Amino acid sequence: MKKHADSIYVSSAIFTGNSLEPMNGAIAIAGDRIIAVGSMDSMNEYIDDNTKVVDCGDKLIVPGFNDSHVHFMYGSMVRDEDFCLSLYDCTSEEECVKRVKEFADKHPNNPWIFGSGWNHNIWPSAKVPDRHLLDKILPDKPVYLSSWDIHTAWVNKKALELIGYDRNTPNLENGFIEHFPDGELSGILREPGAFDPVQKLAIQSGDSKAALRKYLKEAAKYGVTSLGNVQPYGGLEEKEVFEVYKEMEEEGLLTSRIHLFGELKKDLTDAKEYAKKYCSKKLCFAGLKKITDGICESHTGYLLEPYTDDPMTKGELQVTPEELTELIMNADSEGFNVRLHCIGDGAVRNALDCFEAVQKVNGRKNLHNAIEHIENCHPEDIARFAKLGVIASMQPMHIIQNTDEYLKLVGKKRLETTWPMRDLIDAGTIMAFGTDFPVIGLNPMEGIYAAITRQTFEGYPEGGFVKNQSITLGEALKAYTYGPAYVENCENELGTLNVGNLADIVVLDKNLFTAKPKEILETKVLMTMVGGEVIHSEL
Ligand SMILES: [Zn+2]
């Protein structure tokens, strides 16, 4: 019997993910699966009157991009211009307040006014703002404005009333509520312990589904067919976030696939429930995640040796090695993958030690554990990733964000293994790329460009930042397709263009393999397909 293909995509450049170079040929799709990959001649048996044959010329066809590390709901909300007012470029308290007023007038139905990005350090006054001006323009509507570094919130009187803070409220754990000299609250809340409860109210007042729809559309536009959703942030609860995705799936609104990661805790009751509840092709529970250190910029990332610009500190671990080993042991025993946020080389080593300790007791299981970020890694630890079967989950756009500052933080010697992608891949490590959205936007071309050039879009620094750690285009594409699928336990169905896989396919507007690095940034996605369904098309 003749086999029927719904569609066949033909190109002289198809990156299947099975090698690091593209091939000349075609892909046949029937229903939600790939049914054939090969030469155009071999496609004849799949073509009938109802088959759509699309000749893409030399445009590159790749597996759907998979953004391995996103805070998707929070990110979609804080990037939704109808929910979150951007204050990054404001140059004074008065300008912020003026914009708040304009935004409030334009969005009369928003129950809260939510904004982010203010930075008093760049204002001429350099004075920390207070609630007075906000109270004057919005006495009856709560306002929540997050600072650029997300460590401080500026709120008005109404917001303080709604959360029930007053002059007698004691400071909360990991948080400070600031007062005027007369004892009244100033409207400044520092650190999550103080502002998360307020932020949660504000975020919950927003239309999360509307924001998610916008950014799912954005994902489709950029060819992102899967998203690895980690920590909810913003005071959101993972349970609630997961349920919103579930509702959206039932309403047929999940265009890209969402892979859920919950918080790694001692009690795995929730995780077991998630695994039962979220196990469809579009929405699937994929494992657990834990933060183990901070970030280098604030000297909270945990290094093996002190910071170069502050020899008094090497940062610290947020969880003891004993606790972490026990947490991984439990998860491992129950068959859950674990992803660990490790920025500094000390945190990376600690995570590898913990994974190793668990393997000594439980044996090596087929669990796809990962370390996230890996801004720095001691040379002696590079080979341990592959040896222990630990994936390196990295966000290449972070490489080029603070290159000069990074040298000051870690010094010349450690710089050699900063974002050590080349060394990790050469040592046989599986690499998974992501954006850390909303820290970075969803466009995979930016990350691919950064991983290859290790330069800003303007070409800085000349020659690239620690250029010997740069990787090839083929490796970068694989890290944006196969690697994340591996983290999500879906590598047998996603991440490569192979017969039997789900048809998550992207057609780009050029062949990246013959393009200059700069042209990567200008690349557009002509078609995005998820499970045989076209969710974005400019073909
Ligand atoms: Zn993150």
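Residues numbered from 1 in each chain as written. Predicted model: local features only at pLDDT ≥ 70, side-chain atom pairs only at ≥ 80, totals over all residues. Heavy atoms only, no water.

Participant: How should the overall build of the protein be read in this particular structure?
Facilitator: If you tally the helices and strands in the protein, you get 17 helices and 22 strands. Considered along the principal axes of its C-alpha atoms, the protein spans approximately 85 × 55 × 50 Å. Burial analysis of the protein (539 residues in total) assigns 58% to the buried set. Long-range pairs, those at least 24 residues apart, make up 72% of the contacts in the protein between residues at least 6 apart in sequence. (Helix = DSSP H or I, 4+ residues; strand = E, 2+ residues; numbered from the N terminus. Buried < 20%, exposed > 50% of the residue type's maximum accessible area, 1.4 Å probe, protein only. Contact = heavy atoms within 4.5 Å.)

Participant: Looking at this model, I keep getting lost on the coordination of the zinc ion. Mind explaining?
Facilitator: Six octahedral donors at a metal ideally form angles of 90 or 180 degrees, and four tetrahedral donors ideally form angles of 109.5 degrees. Within the protein, the zinc ion binds to His69 (NE2), His71 (NE2) and Asp436 (OD); these donor distances fall in the range 2.0 to 2.2 Å. All donor residues of the zinc ion come from one chain, and their arrangement in sequence is H-x1-H-x364-D. Of this pair, His69 sits in strand E6 (residues 65-70) while Asp436 sits in the loop between strand E19 (431-433) and helix H14 (444-453), and the two are 367 residues apart along the sequence. On the accessibility criterion, Asp436 (10% relative accessible area) is buried. (Donors = N, O, S within 2.8 Å, 3.2 Å for Na, K, Ca; no water.)

Participant: Just to check I follow, could you spell out the sheet that holds E6 for this structure?
Facilitator: Strand pairing in a sheet relies on backbone hydrogen bonds, with the paired strands running either antiparallel or parallel. Taken together, the eight strands give an open sheet; going across it, the order is E6-E13-E14-E15-E16-E17-E18-E19, and neighbouring strands pair in parallel fashion. Looking at strand neighbours, the two that pair on one side only are E6 and E19, the edges of this open sheet. Direction aside, neighbouring strands of the sheet carry axes that sit 25 degrees apart on average. In this structure, strand E17 (residues 370-373) lies alongside strand E18 (residues 391-394), joined through three bridges in parallel fashion. What sits directly across from Ile371, in E18, is Ala392. Contacts from helix H7 (residues 238-250) reach strand E13 (224-229), strand E14 (257-263) and strand E15 (283-291) within the one sheet, and its direction differs from that of E14 by about 165 degrees. Lying on the sheet, helix H9 (residues 321-333) is in contact with E15 and strand E16 (338-342); it crosses E16 at an angle near 155 degrees. (Pairing = 2+ DSSP bridges. Axes fitted to C-alpha atoms, helices over the stretch in contact; angles between N-to-C directions.)

Participant: Which parts of the structure should I look at to understand the packing of H7 against helix H8 (residues 269-277)?
Facilitator: Two numbers describe a pair of packed helices, the interaxial angle and the distance between the axes. It is at 12 Å that the axes of H7 and H8 come closest, and there the two elements cross at 5 degrees. As judged from the angle between their axes, H7 and H8 are roughly parallel. Contacts between H7 and H8 involve Glu238, Lys239, Phe242, Glu243 and Lys246 on the former and, on the latter, Asp270, Tyr274 and Lys277. Grouping the constituent residues of the contact of H7 with H8 by class yields two nonpolar, no polar and six charged. (Parallel < 35°, antiparallel > 145°, perpendicular 65-115°, else oblique. Nonpolar A, V, L, I, M, F, W, Y, C, P; charged D, E, K, R; others polar.)

Participant: Is there a simple way to explain the UniProt feature "domain: Amidohydrolase" (unreviewed entry) in the protein in this structure?
Facilitator: The UniProt feature table records "domain: Amidohydrolase" (unreviewed entry) at residues 52-536. Here residues 52-536 is 35% helix and 19% strand, with 17 Å between the C-alpha atoms at its ends. (UniProt positions renumbered as here; feature names shortened; annotations may be inferred.)

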